Amino acid sequence: MATVDIKKKDLERLFQKRLTRSHLEEYLSLAKAELKEYNIETDSLKIELSDSNRPDLWSVEGIARQMRTHLSGNPVNYPFFGMRKKHLREIKVSSEIKQVRPYIAACAVLGLRMNEDFLVQIIQSQDKLSEIFGRKRRMVSVGIYELDRILFPVNYMLAEPDRVSFIPLGMDKRMNLKEVLERHPKGITYGSIVSNFKKYPLLIDSNAQVLSFPPIINSREIGEVKTETKNIFVEVTGIDLRMVNLAINILSVNLHDRGAKIEPVLISYLYQTEFGKKITTPFSMVEPVKISTREFTKTLGEEVSPLEIRKCLVRYGHNVSVGRSSITVSYPPYRDDIMHPVDIIEDMAISKGYSSFKPEMPHQSTVGGLSETELFSDLVRDYLVGAGFQEIVSNILGSPEEFRERMCIDEKLIEIENVMSRSYSVVRNRILPSLLKVETASSKSFYPHRVFEVGEVVIYDPLQNLGSQTRLNLGALISHPAVSFSEIHSYLDLLFFYLGISYRLEPEEHPAFMPGRCGNIIVEEKALGLIGEVNPAVLDHWQITMPCSAFEINLDTLSTF
Amino acid sequence: MVSQRLLRWQRHPRDYSNIGRTAVSAVLNGLNLLTGETPVLLSFYTVNFLNRGTLHPEQEKILESLHPLEIKLLHSFRDKETLASKEIIDKGLIDESRLDMASNWLLKKGLIEISGEEVTSSVSLTETGGDYCKNNIPEIRILSALREGRSFTVKDINHTFHLDLLEVSSALGALKESGVIMITHGGFLELKSDKGTEEFESLQDLIGLIGEKESLNLGDLSDEHKSIIEAHHRKRGKSKGIFRISEKRNRIFSLTENGRSILSVLLKQGETGEDVSQLTPDMLKEGTWKNKTFRKYNISLSPPRISIGKKHPYREFLDFVKYKFIAMGFEEMRGPLIENEFWNMDALYMPQFHPARDIHDVYFTKEPSQCREIESPFGKRVAETHIHGGKTGSKGWGYPFDINRARRLILRSQGTTISARTLASGPKIPGKYFSIARCFRYDTVDATHAPDFYQIEGIVLGEEINFRTLLGLLKLLGEEIAMVKEFQFLPAYFPFTEPSVELHGKHAKLGWMELGGAGIFRPEVTIPLGVKVPVIAWGLGLDRMAMVALDINDIRDLFSRDLDFIRTKKIRL
């Protein structure tokens, strides 16, 4: 999910129409976009794009394009895809780069009418593509340069970290590649992408000027774009050819929409790629999709004609040829999210408008019901409520202190590796700590306290496929000055009476309970839980100053008896 | 202190502004446990009179406010001008603890006054004194042993005579000082003189005397005895002592003029404070209820708080949702909290590089970190689908699928995981399923993010499933579960559904809001799991609705630890 900041005026200029707020929101839904904020004073819109497979929409140009296509009813076609031309600017890719960051795509952009807003948008697009689509530059990163300072062909190659130096953006001294990784803020942030290799990627022109050290940082001399810049050179490097190509396609159509002229660049590889050794980028990867009209009808739930399908898809940016009972769709080259006909069918539904489909109830009859476990759990909960207990709902995550140290228990628990907060770093394996947590917070609530929780716990069990068992437990606790073993025992006894299950207690020494006042709850020779007076040491750890008796029992096993 | 104020409060339950409500309940409970009486009986009645006589309004008010105990106490003055508290207790008119209470009330109302107060001190034995009474004081014990001719050293004394070190050293000191014994070389004790032992003997006699009577009035003792007691009674801060002196106050009460006139009205009316509040089984058995007057209660007073057994309000909300789903023909699904990435993401066609699988979105387990195996044949089928689309008619994601990544154990991050498992386990067709699943996300806990939370989601399978029945189902869920009448369907994106839709509804209190998301599962999800019919996947976001129903603003309150909060929280669906 991406969020972009744009100016409403800029959007309207690209959309070629003014927009009221309600119109704007309606049009935004075509792009699965949601208006998060609108500041009238600064004319700024904050827009959230939910489709993570549509990076072409993560810019003001992309949003405007999707809207404009709908308004005009026609797809925008970009002439520079598949353009055959001699004397193209060229990037020569060395063979050894294949091991490190094998792919590159680029284009030259001429005649920009740059201004402050535009520059901000270019930088935003570059950032979204590198950070989100490019997974923090690992998969894909974008570099932009002043075209007129570069002497082609440009070489994309590997360099010894300490043999090449240049002045990186944001610095005023030359640094070698090693120093960039060690000292430049971008080097520190992104260095791990290349630091495992002996040599690092480098873009260098025929004048031996360094363009950049991809994916880390541009050279200050060539790689700084200003508002006066008219002609720029855009390149994308990465480790996935489709993603690299898609990124340059998106950037080139965006800049084209701004009125610039795009000139393709020839990429010459010394090794074979999915699209050959010589690729002229921007490069269309579109493979036309043939879909029968029956499939549309079946998925959408209403008859649709090939012509209607065509009309809707064209308005959504596709090129469509109509057959007798099928259509063939060429999706636009700035998209690479069409994996299955259903993707086209959804586009058709969005273009037609979801509100134009009449909801119809699924009418096939089915029988509802609860799982055995849930039915049993409801039975138990009803008993406890009837017995005067207040139900508790607790969080399942807690701290190791709560589930282990305070309970005087030394058991293995499922712990979180990437801890966000120590307070929520362990999964509970009992309900009892959750109930004691309530007691700690509730000494001011009038006594007696009778509380229970039926809830999930996770038992560490390396023998299980998932290394654990998720169980449903019942924990019940009573607290008041004269609480006793026999009182809690009475409730347990009556519970078993009503469940119609026979049980017995077997004396047990358990650190959470008082010695000589604790028992295993045994059903058919299986120990299903514990009952007892809570150990004063445990109460002390929880800072509870009122005696407590409790039991805890496993319900999913009990429900099978 | 609180008890005293509480008793006042019990008579005027609305006037407890100066006393913490919780303190009141704690004391109430304490009283309950101590006296075995319920506070209701103790407190919430006042006496009403049919015939009020000739009192002025102030007096009438007082008369109405009288507690039976007060009436009883006033009655004790029938033929007396003054009464000593000792006398009242000794005659068994009112017991000690209640007398304090009743007299304080009457004092406050100005019906009686204190015309004198005497303090009597009595002396009794402490625990140590009791021991010395039985076994003699240490000095006597040592002397008798020496007289019997036994020989022992200083070191032997404490275990020979079961004395602690302090007792030994003070006894030896006293014996040496009075010149009765001496200590020879080797630490042996020896009798030095037969004289000088009177001090010890008279102390022993006095202990015997007090021990016999249990308690003696200090005033009745001779000066000699008094000075012995003075030397040996327990003083503050000292743990050992032989005698305990306790002081008892005997207050002399007399009726005020006001009290006198109230009493005369009471006498005229025959109010003795002995009338009956509680109908007992004996009265019914014996028929004596016929001759009794039952006090009338002031029923306009607030009752004391009690607690009852109650479902948790959030669970009540979830139960409501649960039973709605059953009513609509949905079957419940359950699944494990610790999952592998395979069922949580891979099976849902979320590519392994998907941002939602990031370390900042999902909680990974520390140990074990990997499951043992991915169930066959699903592992292979799903892998193929990710790589090149497999048999689904899709191009696939086109990246090298890592089965070890699929085995990574995590805390379930979405309820749809359970739907994926259901699809793989041979679901009914047509079929409808739901789950209310606890899920976990890597998020900072705040007013809108709980550390773990419930997701309500499910699937609907069948030949008839298409985009229109998807909308129809969502409309039904919106109407039945969210109780919303106006809807909007918006295009949406979920990695596992296509087409996808967001359901927005106009909630009575919240206005337009997102109620949930849904879509038709991609064939890349259903086909590898062995399902050949289209499947709707839906999920509802009901936490905001639950918060409205519970009238709270902080999502963490759904899982509150505060028992007062939980006990008093009501739910309005």
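## Observations regarding the overall build of chain A
Here is step 1 of the chain: Within chain A one finds 16 helices and 27 strands.
Here is step 2 of the chain: Relative to its length of 561 residues, chain A is extended, with a C-alpha radius of gyration of 33 Å against a globular reference of 24 Å.
Here is step 3 of the chain: Sorting the 561 residues of chain A into buried and exposed places 61% on the buried side.
Here is step 4 of the chain: A separation threshold of at least 6 residues defines the contact pool for chain A, and within that pool the share at least 24 residues apart is 67%.
Here is step 5 of the chain: For chain A, the exposed surface amounts to about 23100 Å²; the carbon and sulfur share of it is 50%.
Here is step 6 of the chain: With 67 positive and 73 negative side-chain charges, chain A shows a spacing of 11 Å between the two charge centroids.

## A look at the overall build of chain B
Here is step 1 of the chain: The number of helices and strands found in chain B is 24 helices and 15 strands.
Here is step 2 of the chain: Within chain B, the fraction of its 573 residues that count as buried is 51%.
Here is step 3 of the chain: For chain B, contacts bridging at least 24 residues in sequence account for 69% of all contacts bridging at least 6.

## What to know about the interface of chain A and chain B
How large an interface is tends to be reported as the accessible area lost when its parts come together.
Here is step 1 of the chain: Between chain A and chain B, the contact holds 93 residues from the first and 104 residues from the second.
Here is step 2 of the chain: Note on chain A versus chain B: buried area summed over both sides is about 8900 Å², and carbon and sulfur give 56% of it.
Here is step 3 of the chain: Linking Arg468(B) and Glu360(A) is a salt bridge whose minimum nitrogen-to-oxygen distance equals 3.3 Å.
Here is step 4 of the chain: At the boundary of chain A and chain B, one finds 55 residue pairs in polar contact (both at pLDDT 80 or more).
Here is step 5 of the chain: Broken down by secondary-structure element, the contributors of at least two residues to the side of chain A that touches chain B are helix 8 (293-300), helix 10 (341-352), helix 11 (372-386), strand 19 (390-391), helix 13 (432-441), strand 22 (449-460) and strand 23 (468-479) of chain A.
Here is step 6 of the chain: Ranked by residue count, the leading element in the side of chain A that touches chain B is helix 11 of chain A, at seven residues.
Here is step 7 of the chain: For the side of chain A that touches chain B, the class distribution of residues is 41 nonpolar, 29 polar and 23 charged.

## Points about the sheet that holds strand 23 of chain A
All names here are of chain A.
Here is step 1 of the chain: Pairing is mixed across the open sheet formed by seven strands, whose spatial order is 19-22-23-27-26-25-24. Looking at which strands have only one partner, the edges of the open sheet turn out to be strand 19 and strand 24 (504-507).
Here is step 2 of the chain: Here helix 14 (residues 485-499) sits on the sheet and contacts strand 22, strand 23, strand 24, strand 25 (513-523), strand 26 (526-534) and strand 27 (548-554); the angle it forms with strand 27, its principal contact strand, is near 30°.

## Things to note about the confidence of the model for chain B
Here is step 1 of the chain: The share of residues in chain B with pLDDT of 70 or more is 88%, and the mean pLDDT across the chain is 83.
Here is step 2 of the chain: Contacts for the low-pLDDT stretch residues 1-52 of chain B, under 50 throughout, to residues beyond four places or in other chains number 94 contacts.

## Concerning the pattern of salt bridges
Here is step 1 of the chain: For the coordinates displayed, the defined rule picks out 72 salt bridges over all chains.
Here is step 2 of the chain: Notably, a salt bridge pairs Arg68(A) with Asp257(A), separated by 3.5 Å at the nearest N-O pair. One end of the pair, Arg68(A), is in helix 3 (residues 60-72); the other, Asp257(A), is in helix 7 (residues 241-257), and 189 residues separate them in sequence. Residue Arg68(A) shares its accessibility class with Asp257(A), and that shared class is buried.
Here is step 3 of the chain: Across the salt bridge formed by Glu131(A) and Arg137(A), the nearest N and O atoms sit 3.7 Å from each other.
Here is step 4 of the chain: With a relative accessible area of 15%, Arg137(A) lands in the buried category.
Here is step 5 of the chain: Overlapping salt bridges bring together Glu374(A), Asp378(A), Arg381(A), Asp382(A), Glu391(A), Lys311(B), Asp319(B), Lys322(B), Glu332(B) and Arg334(B) as one network.

## Side note on unusual backbone geometry
Residue and element names in this part refer to chain B.
Here is step 1 of the chain: Each neighbour pair has its own omega, and for Ser-376 with Pro-377 the value is 0°, a cis peptide bond.
Here is step 2 of the chain: Positionally, Pro-377 belongs in the loop between helix 17 (341-344) and helix 18 (378-388).
Here is step 3 of the chain: The omega torsion of the bond from Glu-498 to Pro-499 falls at -5°, within 30 degrees of zero and hence cis.
Here is step 4 of the chain: Note on placement: Pro-499 falls in strand 13 (residues 497-507).
Here is step 5 of the chain: Positioned with a positive phi, Met-483 is a non-glycine residue whose angle comes to about 55°.
Here is step 6 of the chain: Structurally, Met-483 can be placed in the loop between helix 21 (467-480) and strand 12 (487-491).
Here is step 7 of the chain: Here Met-483 falls in the partly exposed class, since its relative accessible area comes to 45%.

## Thoughts on the pairing of strand 24 of chain A
Strand residues, when the strand is regular, have side chains that alternate between the two faces of the sheet.
All names here are of chain A.
Here is step 1 of the chain: Pairing geometry for strand 24 and strand 25, over four bridges, is antiparallel. When the sheet's bridge partners are listed, Leu-505 is paired in strand 25 with Ile-521.
Here is step 2 of the chain: Hairpin remark: strand 24 followed by strand 25, antiparallel, with five residues in the connecting loop.

## Some points on the packing of helix 9 (residues 138-147) of chain B against helix 11 (residues 165-177) of chain B
Residues and elements named next belong to chain B.
Here is step 1 of the chain: One can describe the packing of helix 9 onto helix 11 by two numbers: an axis separation of 9 Å at closest approach and a directional angle of 65°. The angle between helix 9 and helix 11 places the two elements in the roughly perpendicular class. Relative to helix 11, helix 9 is oriented so that their crossing is right-handed. Contact with helix 9, carried on its side by Pro-138, Glu-139, Ile-142 and Leu-143, involves Glu-167, Ser-170, Ala-171, Leu-172, Ala-174 and Leu-175 of helix 11 and no other residues of that element.
Here is step 2 of the chain: Taken together, the residues of the contact of helix 9 with helix 11 break down into seven nonpolar, one polar and two charged.

## Considering the nonpolar core
Here is step 1 of the chain: Of all hydrophobic cores here, the largest spans 152 residues; its most connected members are Phe296(A), Phe325(B) and Trp538(B).
Here is step 2 of the chain: Top contributing element to this core by residue count: helix 7 of chain A, with 10 residues.
Here is step 3 of the chain: Residues contacting Phe325(B), with those up to four places away along its chain left out, are Phe330(B), Phe434(B), Ile456(B), Leu477(B), Ile481(B), Trp538(B) and Leu540(B).
Here is step 4 of the chain: By size, the runner-up hydrophobic cluster in this structure holds 50 residues, among which are Ala347(B), Trp397(B), Ala420(B) and Val531(B).

Criteria and cut-off values
Along every chain, residues carry numbers that run from 1 in the direction the sequence is written. Chains carry letters and ligands carry numbers; both start at the beginning, A for chains and 1 for ligands, and go up in the order they are written. At least 70 in pLDDT is required for a residue's local features to be given in this predicted model, at least 80 for side-chain atom pairs to be given and counted, and no such filter applies to totals for whole chains, interfaces and linings, which use all residues. Hydrogens and waters are ignored; side-chain quantities use all the structure's heavy atoms. Segments assigned H or I by DSSP are reported as helices when at least four residues long, segments assigned E as strands when at least two residues long, and all are numbered from the N terminus. Here the globule rule is a power law, 2.2 Å times the number of residues to the power 0.38, and the radius of gyration is based on C-alpha atoms. Exposure is judged per residue with a 1.4 Å probe applied to protein chains only, and the accessible area is read against the type maximum: over 50% gives exposed, under 20% gives buried, and values in between give partly exposed. When checking whether two residues touch, look at their non-hydrogen atoms; a contact exists if any pair is within 4.5 Å. To measure how exposed things are, a 1.4 Å probe is used in the Shrake-Rupley method; for residues, cover is taken only from the protein chains shown. Charge assignment in this entry is limited to Lys and Arg as positive and Asp and Glu as negative, and neither His nor the chain termini are counted. Charged side chains are reduced to one point each, which is NZ for Lys, CZ for Arg, CG for Asp and CD for Glu. By buried area we mean how much accessible surface two parts lose on assembly, using a 1.4 Å probe and totalling the loss over both. Note on definitions: salt bridges are taken to be side-chain nitrogens of Lys or Arg within 4 Å of carboxyl oxygens of Asp or Glu. Two N or O atoms form a polar contact when they lie within 3.5 Å of each other; inside protein one atom must be a possible hydrogen donor and the other a possible acceptor, and for residues adjacent in sequence the pair counts only when both atoms belong to side chains. Just so you know the grouping, Ala, Val, Leu, Ile, Met, Phe, Trp, Tyr, Cys and Pro go in nonpolar, Asp, Glu, Lys and Arg go in charged, and all remaining residues, Gly too, go in polar. Two strands pair under a simple rule: DSSP has to find at least two bridges between them. Lines fitted to the C-alpha atoms define the axes, with helices restricted to the stretch that makes contact. Angles between their N-to-C directions range from 0 to 180 degrees. One number per residue, pLDDT, summarises how confident the predictor is, and it ranges from 0 to 100. Oblique is the label for every angle not falling under 35 degrees (roughly parallel), over 145 degrees (roughly antiparallel), or within 65 to 115 degrees (roughly perpendicular). Handedness of each helix crossing follows the sense of rotation of the near helix against the far helix: counterclockwise by less than a right angle gives left-handed, clockwise gives right-handed. Residue types Ala, Val, Leu, Ile, Met, Phe, Trp, Tyr and Cys, when buried and joined through side-chain atoms within 4.5 Å, form a set referred to as a nonpolar core.

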